[in-house]
Protein chains: 2
Amino acid sequence: MSVEQPDMPELKIESGSGAETNVEPLKLGQRLREIRKNMQLTLEEASQKTGLARSTLSKIENEQISPTFTAVQKLAHGLNIDIPQLFAAPKNAMASGRRVLTRAGEGTSHPTSTYEHELLCTELANKRMIPFKTRVRARSFDDFTDWVRHEGEEFLLVLEGEVALYTEFYEPIALQEGDSMYYDANMGHGLISLSNQDALVLWVVAR
Amino acid sequence: MSVEQPDMPELKIESGSGAETNVEPLKLGQRLREIRKNMQLTLEEASQKTGLARSTLSKIENEQISPTFTAVQKLAHGLNIDIPQLFAAPKNAMASGRRVLTRAGEGTSHPTSTYEHELLCTELANKRMIPFKTRVRARSFDDFTDWVRHEGEEFLLVLEGEVALYTEFYEPIALQEGDSMYYDANMGHGLISLSNQDALVLWVVAR
DNA sequence: CAACAAAATTTCCTATAGGAAACTTAATTA
DNA sequence: TAATTAAGTTTCCTATAGGAAATTTTGTTG
């Protein structure tokens, strides 16, 4: 086992589809206003995008009327948001208006037998992506006891050296510096270095 | 460039963010009827559970009216289904068990006045992350007419050269090769090269 | 702080959603 | 097949959503 996995910052588990019992308050108007503000749109602009009248939008946001389903559709479509998102409780989102820096080599080190991970930008919680640079020490697929496999998607860019990406369902593939791959992380995967040097790759995981 | 891939249903190419103009169909009525039938409820029973009139339910199911949002809430609550499920636009997830390769320099080029983007791994649709390498041509912040700003989060790694990241709310910050940043993309941002060469960066966006 | 501009709200009217009851259709039984 | 009943639909009316324009509020500039 243990092809090690970089320990991901704490992730909240998705609330199961628990049977709700009471009518959610769900302030559609409020949420809509937030969304519009974030997009920096005036009512007029939102009106043009959605095809709904300024006045109507205003009333919806102020909870003076309950929009019809067709109105909601126009809203969602015009503002390019999907409907569930409109009704979903605000995500456990990363703090907005934030940025964080990690200087070269200053990430959080996380060594294992096959890889040496350097986690980047860890000071920021609740990120949608987990970026890390990895020094690939493994030289043979046998160095792994089993596939690494986890929820989400993974992007890979070779920074230095030459590697082979092993995945289930496919043949191993050789990658040179500058090559990149994107794959479903539920599919077993693992990297080895093909040269006698360790290789260096960038990995970004989205859960 | 493209690699071996086992025979699998062909993949949709990433849909450009073309502004759609007309409203999706989404037959709410039909879906509602299915759900009610599955629960083996008559209109009368559904009416009692939801507090909506028999006639109203009938009209909704037959798509003669477009229910208000409050009506939808009553429906969802009374029948114990959550709203997203009602709208269940088919998940739109990336095809599972897939991987895709982009060789160095083989991405899809996308030049602008200030940047030259090379989109990576575009053959795979519906990804959670959009990775691209960017050649930074801008030399001064004045080259930009306005902040770039969009939903989501952004990860940045400097591959070559030296850049300055400008963001709202913060001072510009100089980044050397190997430095990385992570930030809220709703916050205005822009990159310039600090040397007299173009700089090269990797960008990954999660919407 | 006056004067103007831009954004948001309110008004007023028309179109349409929602409910009660009448009506129609489907299913069951004598 | 008529009678009965239970399901679904339609009608008709009232309440309310949606749009155009007037009004108010908020923000800028001289």
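The rules we used
Residues numbered from 1 in each chain as written. Chains lettered and ligands numbered in written order. Predicted model: local features only at pLDDT ≥ 70, side-chain atom pairs only at ≥ 80, totals over all residues. Heavy atoms only, no water. Contact = heavy atoms within 4.5 Å. Buried area = accessible area lost by both parts, 1.4 Å probe. Polar contact = N/O pair within 3.5 Å; in protein donor to acceptor, adjacent residues only side chain to side chain. Pairing = 2+ DSSP bridges. Helix = DSSP H or I, 4+ residues; strand = E, 2+ residues; numbered from the N terminus. Phe/Tyr/Trp six-rings, centres within 6.5 Å; stacked < 30°, edge-to-face > 60°. Buried < 20%, exposed > 50% of the residue type's maximum accessible area, 1.4 Å probe, protein only. Lys NZ or Arg CZ within 6 Å of the ring centre and 35° of its normal. Core = buried A, V, L, I, M, F, W, Y, C linked by side-chain atoms within 4.5 Å. Near = heavy atom within 4 Å. Nonpolar A, V, L, I, M, F, W, Y, C, P; charged D, E, K, R; others polar. Arc of directions from axis to C-beta. Salt bridge = Lys/Arg side-chain N within 4 Å of Asp/Glu carboxyl O. Axes fitted to C-alpha atoms, helices over the stretch in contact; angles between N-to-C directions.

Bringing the interface of chain A and chain B into the picture now. Contacts between the two partners involve 72 residues from chain A and, on the opposite side, 75 residues from chain B. Across the chain A/chain B interface, buried area totals approximately 5900 Å², and carbon plus sulfur atoms make up 61% of it. The three residues of chain A that bury the most area against chain B are Arg99(A), Tyr170(A) and Tyr182(A), which together make up 15% of that side's buried surface. Taken together, the links from chain A to chain B amount to 38 residue pairs in polar contact (both at pLDDT 80 or more). Strand direction decides the pairing type here: strand S1 (residues 99-102) of chain A and strand S8 (residues 180-184) of chain B, joined by four bridges, are antiparallel. Residue pairing in the sheet places Val100(A) in a bridge with Tyr182(B) of S8(B).

Centre distance and the angle of the planes are the two values used to describe a pair of aromatic rings. Summed over the entire model, instances satisfying the criterion amount to 14 aromatic pairs over all chains. For the pair Phe141(A) and Trp147(A), a centre-to-centre distance of 5.0 Å together with 50° between the ring planes defines the contact as tilted. By relative accessible area, which is 25% here, Phe141(A) ends up partly exposed. Aromatic side chains Phe141(A) and Tyr166(A) sit 4.5 Å apart centroid to centroid with 10° between the ring planes, which places their arrangement in the stacked category. Taken as a pair, Phe141(A) in the loop between strand S4 (129-136) and strand S5 (153-160) and Tyr166(A) in strand S6 (residues 163-167) lie far apart in primary sequence, 25 residues in all. Here the guanidinium or amino end of Lys127(A) rests over the ring plane of Tyr182(B), the centre of that ring lying 5.4 Å away.

Turning next to the nonpolar core. Within the largest apolar cluster, 28 residues are counted, with the highest numbers of intra-cluster contacts made by Phe155(A), Leu202(A), Phe155(B) and Leu202(B). Of all elements in the fold, only S5 and strand S10 (199-206) of chain A together with strand S5 (153-160) and strand S10 (199-206) of chain B reach the threshold of two or more residues within this core. Excluding its chain neighbours within four sequence positions, the residues that come into contact with Leu202(A) are Leu120(A), Phe132(A), Lys133(A), Phe155(A), Leu156(A), Leu157(A), Leu159(A), Phe155(B), Leu157(B) and Leu202(B). Ranked by size, the runner-up nonpolar core spans 25 residues in total, among them Leu119(A), Val158(A), Val163(A) and Tyr183(A).

This brings us to the protein's contact with DNA strand C. In the vicinity of DNA strand C there are 25 residues, among which Leu43(A), Ser55(A), Thr56(B), Lys59(B) and Ile65(B) approach most closely. Here, DNA strand C places atoms within 4 Å of the protein, and 60% of those atoms are sugar or phosphate. Taking Leu43(A), its main chain carries an N or O atom lying 2.8 Å from a phosphate oxygen of DNA strand C. Interatomic distance of 3.1 Å between a backbone N/O atom of Thr68(B) and a phosphate oxygen of DNA strand C. Of the residues in the surface near DNA strand C, the class split is six nonpolar, 12 polar and seven charged.

On the secondary structure map, Gly152(A) appears in the loop between S4 and S5. Residue classification places Gly152(A) among the buried positions, given a relative accessible area of 2%. Note: C-alpha distance between Gly152(A) and Ala185(A) (33 residues apart in sequence) is 5.4 Å. Excluding residues that lie within four positions of it along the chain, Gly152(A) makes contacts with Asp184(A), Ala185(A), Asn186(A), Ala206(A), Arg207(A) and Arg128(B).

Our focus in this paragraph is helix H2 (residues 43-50) of chain A. Considered for burial, the residues of H2(A) that qualify are Ala46(A), Ser47(A) and Thr50(A). Down the axis, H2(A) shows its buried residues gathered within 105° of arc, on one side only.

This model, assessed by the stated rule, comprises 18 salt bridges over all chains. Here Arg128(A) ties to Glu151(B) by a salt bridge, and the two come within 3.6 Å at their closest N and O atoms. Here Arg128(A), found in the loop between strand S3 (115-119) and S4, pairs with Glu151(B), found in the loop between strand S4 (129-136) and S5, and the two come from separate chains. Here Arg128(A) falls in the partly exposed class, since its relative accessible area comes to 33%. One salt bridge connects Glu153(B) with Arg128(A), and the closest N-O pair in it is separated by 3.5 Å. Taken together, the residues span two chains, with Glu153(B) in strand S5 and Arg128(A) in the loop between S3 and S4. Among the residues examined, Glu153(B) registers a relative accessible area of 5% and is labelled buried.

This part is about the sheet that holds strand S9 (residues 189-193) of chain A. Residue and element names in this part refer to chain A. Strand order in the open sheet formed by three strands is S7-S6-S9, with antiparallel pairing between adjacent strands. Of all the strands in the sheet, the pair left with one neighbour each is strand S7 (173-175) and S9. Each strand of the sheet is rotated relative to its neighbour by a mean of 25°, with strand direction disregarded. The pairing of S6 with S9 spans five bridges and is antiparallel. Each bridged residue has a counterpart across the sheet, and for Val-163 the counterpart in S9 is Ser-193.

The subject of this paragraph is the sheet that holds strand S7 (residues 173-175) of chain B. Residue and element names in this part refer to chain B. Taken together, the three strands give an open sheet; going across it, the order is S7-S6-S9, and neighbouring strands pair in antiparallel fashion. Two strands bound the open sheet, and with one partner strand each, they are S7 and strand S9 (189-193). Recorded for the sheet is a direction-independent mean angle of 25° between the axes of neighbouring strands. The sheet contact formed by strand S6 (residues 163-167) and S7 spans three bridges and is antiparallel. Counterpart to Ala-164 in the pairing with S7 is Ala-174.

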